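Summary of structural features
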Amino acid sequence: KAGVTQTPRYLIKTRGQQVTLSCSPISGHRSVSWYQQTPGQGLQFLFEYFSETQRNKGNFPGRFSGRQFSNSRSEMNVSTLELGDSALYLCASSLAGGIGELFFGEGSRLTVL
Amino acid sequence: QKEVEQDPGPLSVPEGAIVSLNCTYSNSAFQYFMWYRQYSRKGPELLMYTYSSGNKEDGRFTAQVDKSSKYISLFIRDSQPSDSATYLCASYGQNFVFGPGTRLSVLP
């Protein structure tokens, strides 16, 4: 069974640009959540999607957005990039969300110059 | 104050040592507690899961929760170099809340 796939794995952007990250969950998993991981703040929850609906949202500015498609694949977008957005962005899928076990991808490492 | 606090380390121990990793949390409503392990350049993976207070053992790993003091612990017995990773404690309220992780190195 294939794991969670995130693309791209690495990317470099400049301030003011926007970026879109993609996540393909484990087959059969309907919940996808996104996290930002930085050395100083650790793993911080961005949002969770279940059946194409945003079910929960963390404390991030509106520049961070996401969506989920009917095949459960998800994308997150960050507009007007800032230097502080440099981080590892992790996607996790679970069968039904909530307290269910999270299965993480290897992440997309974003560097903003 | 962060909802889940954890000493980031790094922590270095010799092979065979007993390792104690600890977290504190602030939200009394938390009932579910987890430990995730993250190897370098990989995503976290679930290691242990406990509900409410008490101990749970799985091989060389023991997870302990003391709700009265809001303290979460992970013990690793007979530590191995393959245990070298970052260990993240987590809890669940309306969503998962993670500690910043403790980086552990087990030296051969």
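Scroll up to find the structure.
My aim in this report is to walk through the structure given alongside it, one point at a time. (Residues numbered from 1 in each chain as written. Chains lettered and ligands numbered in written order. Predicted model: local features only at pLDDT ≥ 70, side-chain atom pairs only at ≥ 80, totals over all residues. Heavy atoms only, no water.)

With that settled, consider the state of the cysteines. Residues and elements named next belong to chain A. Using the criterion set out here, one finds 2 disulfides over all chains in the structure. The disulfide that involves Cys23 links it to Cys91, with 1.8 Å between the sulfurs. In this structure the cystine formed by Cys23 and Cys91 twists about its S-S bond by roughly -55 degrees; its chirality is therefore left-handed. Of the two residues, Cys23 is situated in strand S3 (residues 19–24) and Cys91 in strand S9 (residues 87–94); the sequence distance between them amounts to 68 residues. Cys91 matches Cys23 in its accessibility class, with the two residues each being buried. (Disulfide = S-S within 2.5 Å. Helix = DSSP H or I, 4+ residues; strand = E, 2+ residues; numbered from the N terminus. Buried < 20%, exposed > 50% of the residue type's maximum accessible area, 1.4 Å probe, protein only.)

The interface of chain B with chain A comprises 19 residues on the first partner and 20 residues on the second. For the pair chain B and chain A, the summed buried surface comes to about 1600 Å²; carbon and sulfur atoms form 53% of the total. Applying the counting criterion to the chain B and chain A interface returns 5 residue pairs in polar contact (both at pLDDT 80 or more). The dominant element in the side of chain B that touches chain A, judged by the number of residues it contributes, is strand S4 (residues 32–38) of chain B, at 4 residues. (Contact = heavy atoms within 4.5 Å. Buried area = accessible area lost by both parts, 1.4 Å probe. Polar contact = N/O pair within 3.5 Å; in protein donor to acceptor, adjacent residues only side chain to side chain.)

So, on to the nonpolar core. With 24 residues, the main nonpolar core has B:Trp35, B:Leu74, B:Ile76 and B:Tyr87 as its most contacted residues. Among the secondary structure elements, those contributing two or more residues to this core are strand S3 (19–25), S4, strand S5 (45–51), strand S7 (61–66), strand S8 (71–76), strand S9 (85–92) and strand S11 (102–107) of chain B. Residue contributions to this core peak at 4 residues, all from S3(B). Non-local contacts of B:Leu74, meaning those with residues more than four positions away in its chain, are made with B:Val19, B:Ser20, B:Leu21, B:Trp35, B:Leu47, B:Met48, B:Phe61, B:Thr62, B:Ala63 and B:Tyr87. Counting residues in hydrophobic clusters, the runner-up holds 21 residues, among them A:Ala87, A:Tyr89, A:Cys91 and A:Val112. (Core = buried A, V, L, I, M, F, W, Y, C linked by side-chain atoms within 4.5 Å.)

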